[in-house]
Amino acid sequence: MKQRLLFIFLTLVIYQNCGQFGGGFDLLHYGGTAMSSDQMLDTQHPAGTQPTQSTQKMQIANRTYIAELFREIFTSNTSPVPELESLLQRWVVSRDSQYGLGCDPYSTYSGQDCGGDISAANLPYTTEDNTIRQSFRLQLCDNLLANENAVKAALEKINVRSLAPNAEGVRQIYKLFYRAEDPSAEVVTALVTLDRTLAEKGESVLDRWRAVLLQVCTSPGWQLL
Amino acid sequence: MGDDKKNLPRRDFLIGATSLGASALFPTPIEMLARTLTGSFIKKAEAALVGEPRNYVNVMMPGGPSRYVFDHWLRTSPSDPAVIPNPMVATRFLSSGGRATGAEYATFDFNGVLVPHMFSHSVASGDGSQRPLTDLVKNALVIRGYGSGLDGHPFNAQQQQAPVGGISSIAGCAADHSTKYFAAVQWPNRADYQAYTSTEGKALNKISGLTPLSTLMEGFGPAAAPAARQLRERNQAAFAQAAAVLNSYANSQNFGAGQLKTNMDNTLALLKKGVKGIDEYWAPALERYRTVIMNSMRASGLVGITDAALISDESVLWNVGAEAGTNFIVSKDFDLRTAISTMAPAAFMAEGFALTEYILKEGLATSVEIWAPQIPNVTLLRAGGATPGTFNVAHDMHETGAMTGLLICTAFFRGLAAAILELSRQLGDTGWGNTVVQVMGDFSRSARTNGSGSDHGFNQMVTSVYSGAITQGPYVVGNIRRSGLNDSTFIGTQGVASSIEGYNQKGMPTPAMAASTVAALLNIEKNPFENIAAPLVKLENGQVKVQHPAKLKDE
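A. Structural detail: the overall build of chain A. The helix and strand tally for chain A stands at ten helices and zero strands. Listing every helix and strand of chain A by position from the N terminus yields α-α-α-α-α-α-α-α-α-α. Taking all contacts inside chain A whose residues are at least 6 apart in sequence as the whole, residues at least 24 apart take part in 60%.

In structure tokens form, the structure reads like this:
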């Protein structure tokens, strides 16, 4: 009898707080398909975490942000990269549909003018990520970092005393692109490992820096705001 | 008895079963997690059983042309009451003495369904032959009898693409389950007509410019300056190892990091696969579609369309134009048949189909959104004019009258139908069976009784779907009423939406009805629209099963 009472008590205690699961007796099936895994892991009552909204949009850098970032990293008086602007124009600035940010029909000098075609004037400030964009960004990084002056221009922006890449060096390279985030230990280790592997294979110091820059540049995460 | 250790005594079995039952009632957090994961695995396994979704191709006709000659079907069964005449819904010219004297709504029976006169003809095929339009009708489903109740061009276009907020658009539904490199592609950028959403975060790849295929693929070509790529290729394994960490960990706390990683993985995979033969493909394919569309548009001697002289009486039936003030009446000194002799494929139309063919053949994307705006290069002579000129006839054909509209729309839709047939020929039986093409406009047209033009038919919408998965067609769903709009300007049968008895939407069905019906053909695990609007067809064992037969209601 005591066991039966305990069973009824526990049943009531559990069901009374489970309205958020969409009705008490659905509790037995809540491991099914109706809810996201974020909601599943919430075993606290009331809910301890905010549910993820399906309509949430990623915040991602638009073409102006990306162009400015690259200008900042790769502009140098001592190691000029003459193709920087043409590469930015080809793979970023002219790609409004892939990167977002409409053109300005009234501008002829901002780099955002419509070039006689105003069809892109009403594009949103940012767009969602897409595969074409990533391929363009990959081209930008690959073509830009093919030039050793681009590597040197980026290295001017970091403050590392050692000649070859080290943990502090890769951390600072990372920060050139990821402005609001310090690299995790896993990321630093991965980049240092990459450098060591290249060193063991006899790649030049410049190519080892190039490799670190290339890897960070082509990684997609820094576009997230 | 063999291995006794495997045979549980009944008592032990019952104890175990009780424990399992109790565990189900009182799961620990770990068990909850395990069940969640198991449920997820099961869900994924079920999804795997469904397989890759069908390719989805959305052909948008911005502006909303009149579609009565093509897919806005009115009287589809011999048991339907006769239509109440309206010159704007005519499908065939009447003639006497070698000269057109009027127009009528004419159909013919194909596989038990009355289809518009246009489909009794043939169109050009990419192999140089002629192909009967009934080949397309066999694979057709017409969805009519729905509406939004509100006016507006982009609004209604968006409503049909994504009728329910917070869930995927139709294109997004297919993309949600795509495992292809791009998931979804759109060309050109739809701007205000944009409605793509994917709750699974699958990317929409918008292509800009006038050479869409090279734009789509140019990022995957070789780097002009190869030093960096050569470095990566010399040290592939080391780079791949580092990339795996960076792509997973960098900014991983930010919303969207997973989507970014997926897109980057797709980029790298396609880069590795390599891109070849685009230039060799593009020019001949584009020319093939242009030829097919153009020859189909310009065809002469079509019974009931171009077999009799079309000489204007300079009444409003010979009106042409989008807006009052810019319209004009065709001259009585001009045979209107000349109009289509110069007609060209709508801008983006041939390119869109050539792009779609490449994408689907190469398995690059699941959803493709293309565009067929206005009707270009129509030769016309204004009443009182001396020499003909060429005009682009807008789809928003407010001031395009019954006679001009019948000819121009027939020619345009012949071109579109030919392009779809050519796509199906190129894809082959398997590819076409795995593809669903949806033809969509902002709305249909409300037909003016005096034949002077048409307005926005947002209470009389229609869309049509073509697929090798649809066999033994055509099929038509959705109820319409026999009368016109409640306005003396729009008398006559014109496809005004009507309720469906026993349906889960009361009154006029919304665009969700059409979306749900299209989604039912996409071979996706779950139709996200069905709770709001049940699909009007289901595919069962390769057969289309109509859930609510279409009615022309005498109301």
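B. Spatial organisation of the overall build of chain B. Check the secondary structure of chain B and you find 13 helices and 25 strands. The C-alpha radius of gyration of chain B comes to 27 Å, within 12% of the 24 Å expected for a compact globule of 555 residues. If one aligns the C-alpha atoms of chain B with their principal axes, the spans along those axes are about 95 × 65 × 45 Å. Across the 555 residues of chain B, 55% fall into the buried class. Nonlocal contacts in chain B, meaning residues at least 24 apart in sequence, comprise 73% of its contacts between residues at least 6 apart.

C. Looking closely at the sheet that holds strand 9 (residues 183-186) of chain B. Residues and elements named next belong to chain B. If you walk across this open sheet you meet the eight strands as 10-9-13-1-16-19-8-20, and the pairing is mixed. Each edge of the open sheet carries a strand with a single partner, namely strand 10 (204-206) and strand 20 (475-477). Strand-to-strand twist of the sheet, defined as the mean angle between neighbouring strand axes without regard to direction, takes the value 15°. Bridge count between strand 16 (residues 435-441) and strand 19 (residues 461-467): four bridges; the pairing is antiparallel. Its bridge partner lying in strand 19, Val437 is registered against Tyr466. Along the sheet, helix 12 (residues 402-433) makes contact with strand 16 and strand 19, crossing strand 16 at roughly 160°.

D. Summary view of the domain arrangement of chain B. Residue and element names in this part refer to chain B. Per the domain assignment, the segments of chain B are domain 1 (9-50), domain 2 (51-221 + 274-553) and domain 3 (222-273). Here the C-alpha centroids of domain 2 and domain 3 sit 41 Å apart. Each partner contributes residues to the interface: domain 2 has six residues there, and domain 3 has eight residues. Along the lines of polarity and charge, the residues of the side of domain 2 that touches domain 3 split into three nonpolar, three polar and no charged.

E. Broad picture of the pairing of strand 18 (residues 454-457) of chain B. Residues and elements named next belong to chain B. Alignment of strand 17 (residues 444-447) against strand 18, held across four bridges, turns out to be antiparallel. If you follow Arg445 over to strand 18, its bridge partner there is His456. Remark: six residues form the turn of the hairpin made by strand 17 and strand 18, two consecutive strands paired antiparallel; Gly451 in that turn has positive phi of roughly 75°.

F. Spotlight on the sheet that holds strand 21 (residues 479-481) of chain B. Residues and elements named next belong to chain B. Spatial strand order, 22-21-25: three strands in an open sheet with mixed pairing. Where the open sheet ends on each side, the last strands, each with one partner, are strand 22 (497-498) and strand 25 (552-553). Two strands pair when backbone bridges link them, and strand 21 and strand 25 are joined in this way by two bridges, in the parallel orientation. Opposite Ile480, over in strand 25, you have Leu552 as the bridge partner.

G. Structural context of helix 8 (residues 236-249) of chain B. Relative to the 20 Å expected for 14 residues at 1.5 Å per residue, helix 8 of chain B spans 20 Å between its end C-alpha atoms, a close match to the ideal helical length. Where helix 8 of chain B is concerned, the buried positions are B:Ala238, B:Phe239, B:Ala242, B:Ala243, B:Val245, B:Leu246 and B:Asn247. As for helix 8 of chain B, its buried residues are in contact with helix 9 (185-200) and helix 10 (205-218) of chain A together with helix 7 (227-234) and helix 9 (257-273) of chain B.

H. Expanded view of the nonpolar core. Residues A:Leu145, A:Leu213, B:Ala184 and B:Ala419 are the most contacted members of the largest nonpolar core, which totals 214 residues. The residues contacting B:Ala184, other than those within four sequence positions of it, are B:Ala171, B:Ala175, B:Tyr196, B:Lys202, B:Ala203, B:Leu204, B:Asn205, B:Ala365, B:Thr366 and B:Ser367.

I. Spatial organisation of the confidence of the model for chain A. Looking at chain A as a whole, its pLDDT mean stands at 78, while 70% of the residues score no less than 70. For chain A, per-element mean pLDDT is lowest for helix 2 (residues 37-40) of chain A, which scores 33, and highest for helix 10 of chain A, which scores 98.

J. Molecular detail of the pairing of strand 5 (residues 113-116) of chain B. All names here are of chain B. By the bridge criterion, four bridges tie strand 4 (residues 107-110) to strand 5 in an arrangement that is antiparallel. For Phe110, the partnering residue across the bridge sits in strand 5 and is Val113. Linking strand 4 to strand 5, which pair antiparallel, is a turn of two residues; within it Asn111 sits at a positive phi near 50°.

Conventions we followed
Residues numbered from 1 in each chain as written. Chains lettered and ligands numbered in written order. Predicted model: local features only at pLDDT ≥ 70, side-chain atom pairs only at ≥ 80, totals over all residues. Helix = DSSP H or I, 4+ residues; strand = E, 2+ residues; numbered from the N terminus. Contact = placed C-beta atoms within 7 Å. Rg over C-alpha atoms; globule rule 2.2 N^0.38 Å. Buried ≥ 20, exposed ≤ 12 C-beta atoms within 10 Å, placed from the backbone. Pairing = 2+ DSSP bridges. Axes fitted to C-alpha atoms, helices over the stretch in contact; angles between N-to-C directions. Domains from an automatic or database assignment. Nonpolar A, V, L, I, M, F, W, Y, C, P; charged D, E, K, R; others polar. Expected span 1.5 Å × (residues − 1). Core = buried A, V, L, I, M, F, W, Y, C linked by C-beta atoms within 7 Å. pLDDT = per-residue confidence, 0-100.

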